[in-house]
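Understanding the architecture of this molecule
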Amino acid sequence: MRARMPRNKLRQIWPVGSPKVMTGRYWEDKPLAALDRAQWESLCDGCGRCCLNKLEDEESGDIYPTNVACRLLDRRTGQCSDYRNRFAQVPDCIRLTPARLKELDWLPPSCAYRLRAQGLPLPDWHYLVCGDREEIHRRGMSTRGWTISEVDAGPLENHIVERWPGEDA
Ligand code: SF4
């Protein structure tokens, strides 16, 4: 005779590789590489901090962020003022792609692309989450209010910031 497990002791065993729960939020449900063009573009939080100049220590490789913005950056909105023609105007501007994200270790820790590449959720101030594009500015996470254009800044060495806004000490 075979022993039978009482029904109230049965437990469900999920099959390996069972689908994860869908949230209805494409930025969480889809891997970065599966986003379509519009969805990929929409992930950008508009912080503008990837458009700030950085200095790299040639010996240690350490990266030092500055508060000096690319001349094309609208520092109030955090948006490129000539996004369509940015590569013609600024030849060393970089196109973000899922494949390149691994190399770009200088992106700010809160960059939406960086977070999603690490499988982390978007912050509560991201407009896709809170529905308000101004929230990022109110929280001090964008380039608004503390940056200067490279047109006016002078030597970058004079503009090193201790850490990114929102980054732990
Ligand atoms: S740092 Fe990331 S999220 Fe912020 S503006 Fe640049 S690409 Fe967009």
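Treat the numbers as computed from the prediction; the structure is a model and nothing was measured. (Residues numbered from 1 in each chain as written. Predicted model: local features only at pLDDT ≥ 70, side-chain atom pairs only at ≥ 80, totals over all residues.)

**Considerations on the pairing of strand β2 (residues 63–69)**
Where strand β1 (residues 52–56) lies against β2, four bridges are found, and the strand directions are antiparallel. The residue bridging L55 from the neighbouring strand is Y64, located in β2. Following β1, the chain reverses through six residues before pairing antiparallel with β2; G61 in that reversal takes a positive phi of roughly 80°. Sheet topology places β2 next to strand β5 (residues 148–149); two bridges connect them, and they run parallel. Paired with A69 across the bridge in β5 is S149. (Pairing = 2+ DSSP bridges. Helix = DSSP H or I, 4+ residues; strand = E, 2+ residues; numbered from the N terminus.)

**Notes on the sheet that holds β2**
In spatial order, the strands read β1-β2-β5; together these three strands make up an open sheet with mixed pairing. In this open sheet, the two edge strands, each paired with only one partner strand, are β1 and β5.

**Some remarks on the site of the ligand**
Inspection of the region around the ligand gives 13 residues, with C44, D45, C47, C50 and C111 positioned closest. Counted by class, the shell around the ligand contains nine nonpolar, two polar and two charged residues. (Near = placed C-beta within 6 Å. Nonpolar A, V, L, I, M, F, W, Y, C, P; charged D, E, K, R; others polar.)

**Looking at the nonpolar core**
C50, C51, L52, V68, A69, C70, L73, C111, A112 and Y113 form the largest nonpolar core, which has 10 residues in total. For this core, the elements supplying multiple residues, two or more each, are β2 and α4 (112–117). Ignoring any residue separated from it by four or fewer positions in sequence, one finds A69 in contact with C51, L52, R75, T143, T147, I148, S149 and E150. (Core = buried A, V, L, I, M, F, W, Y, C linked by C-beta atoms within 7 Å. Buried ≥ 20, exposed ≤ 12 C-beta atoms within 10 Å, placed from the backbone. Contact = placed C-beta atoms within 7 Å.)

**Digging into the environment of T23**
By the element assignment, T23 lies in the segment before α1 (26–29). In this structure T23 comes out as exposed when scored by C-beta crowding, with 10 C-beta atoms within 10 Å. Look past the residues within four positions of T23 in its chain and what remains in contact with it is E28 and D29.

Note that every value here comes from positions in space, so none of it alone points to a role or purpose.
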